Amino acid sequence: MAVGVPLTGSYFDARGSPWLSWFGEALGAGAAIAIGQGSASRLMWVGPPLMLAGAVLGYELSAPAPTVPRTSTSVGRISVVPSFGPDGRAGLLVAGRF
């Protein structure tokens, strides 16, 4: 199951570690065995999701942070105008140029 996680991650250029993915899957398998101890049906329901979650978590935590170029978010002008209707309702009108 953990083979698919690094393969999919390398397809999307995530550059995570397959070793940590497999280690996370092993930790998930250990947790599943501890939870499903004594019940084969519980182990079948709990095991695969925990193993997959461990593999994905290990891969994602080992991937480097993405480099996103910083852009300035400046607002040219914002106007906030109170508005009152003929029936007594009130509201705020917010308009701006971004």
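A short tour of the structure in this document, coming up.

### Looking at helix H3 (residues 40-62)
Taking 1.5 Å per residue as the helical rise, H3 with its 23 residues ought to reach 33 Å, and the 32 Å between its terminal C-alpha atoms agrees with that figure. Along its length, H3 reaches its greatest deviation from straightness, about 30 degrees, at valine 46, and the proline proline 48 lies no more than four positions downstream. Restricting attention to buried positions, one finds in H3 the residues Gly47, Gly54, Ala55, Gly58 and Tyr59. For H3, the elements touching its buried residues are helix H1 (4-11) and helix H2 (18-35).

### Things to note about the side chain of serine 39
In this structure, serine 39 sits in the loop between H2 and H3. By relative accessible area, serine 39 is classed as buried at 17%. In this structure the side chain of serine 39 is engaged in a polar contact, spanning 3.3 Å, whose partner is the backbone nitrogen of arginine 42.

### Thoughts on a nonpolar patch on the surface
A surface patch of nonpolar side chains, amounting to about 480 Å² of accessible area, comprises Val3, Leu7, Trp19 and Trp22. Positionally, valine 3 belongs in the segment before H1.

### A closer look at the packing of H2 against H3
H3 packs onto H2 with a crossing angle of 150 degrees between their chain directions and a minimal axis gap of 7 Å. Of the possible angle classes, the one that applies to H2 and H3 is roughly antiparallel. You can see that H2 and H3 cross each other, and the crossing is right-handed. Where H2 approaches H3, its residues Leu20, Ser21, Gly24, Glu25, Gly28, Ala29, Ala31, Ala32, Ile33 and Ile35 are matched on the opposing element by Arg42, Leu43, Val46, Gly47, Leu50, Met51, Gly54, Ala55, Gly58, Tyr59 and Ser62. Residues that form the contact of H2 with H3 fall into these classes: 12 nonpolar, seven polar and two charged.

Reading guide: rules and limits
Residues numbered from 1 in each chain as written. Predicted model: local features only at pLDDT ≥ 70, side-chain atom pairs only at ≥ 80, totals over all residues. Heavy atoms only, no water. Helix = DSSP H or I, 4+ residues; strand = E, 2+ residues; numbered from the N terminus. Expected span 1.5 Å × (residues − 1). Bend = angle between axes of the 7 residues up to and from the residue. Buried < 20%, exposed > 50% of the residue type's maximum accessible area, 1.4 Å probe, protein only. Contact = heavy atoms within 4.5 Å. Polar contact = N/O pair within 3.5 Å; in protein donor to acceptor, adjacent residues only side chain to side chain. Patch = residues over 30% accessible without salt bridge, like charges linked within 9 Å, V, L, I, M, F, W, Y side chains within 5 Å. Areas by Shrake-Rupley, 256 points an atom, 1.4 Å probe, with all protein chains shown as cover. Salt bridge = Lys/Arg side-chain N within 4 Å of Asp/Glu carboxyl O. Axes fitted to C-alpha atoms, helices over the stretch in contact; angles between N-to-C directions. Parallel < 35°, antiparallel > 145°, perpendicular 65-115°, else oblique. Left-handed = near helix turned anticlockwise from the far one by under 90°. Nonpolar A, V, L, I, M, F, W, Y, C, P; charged D, E, K, R; others polar.

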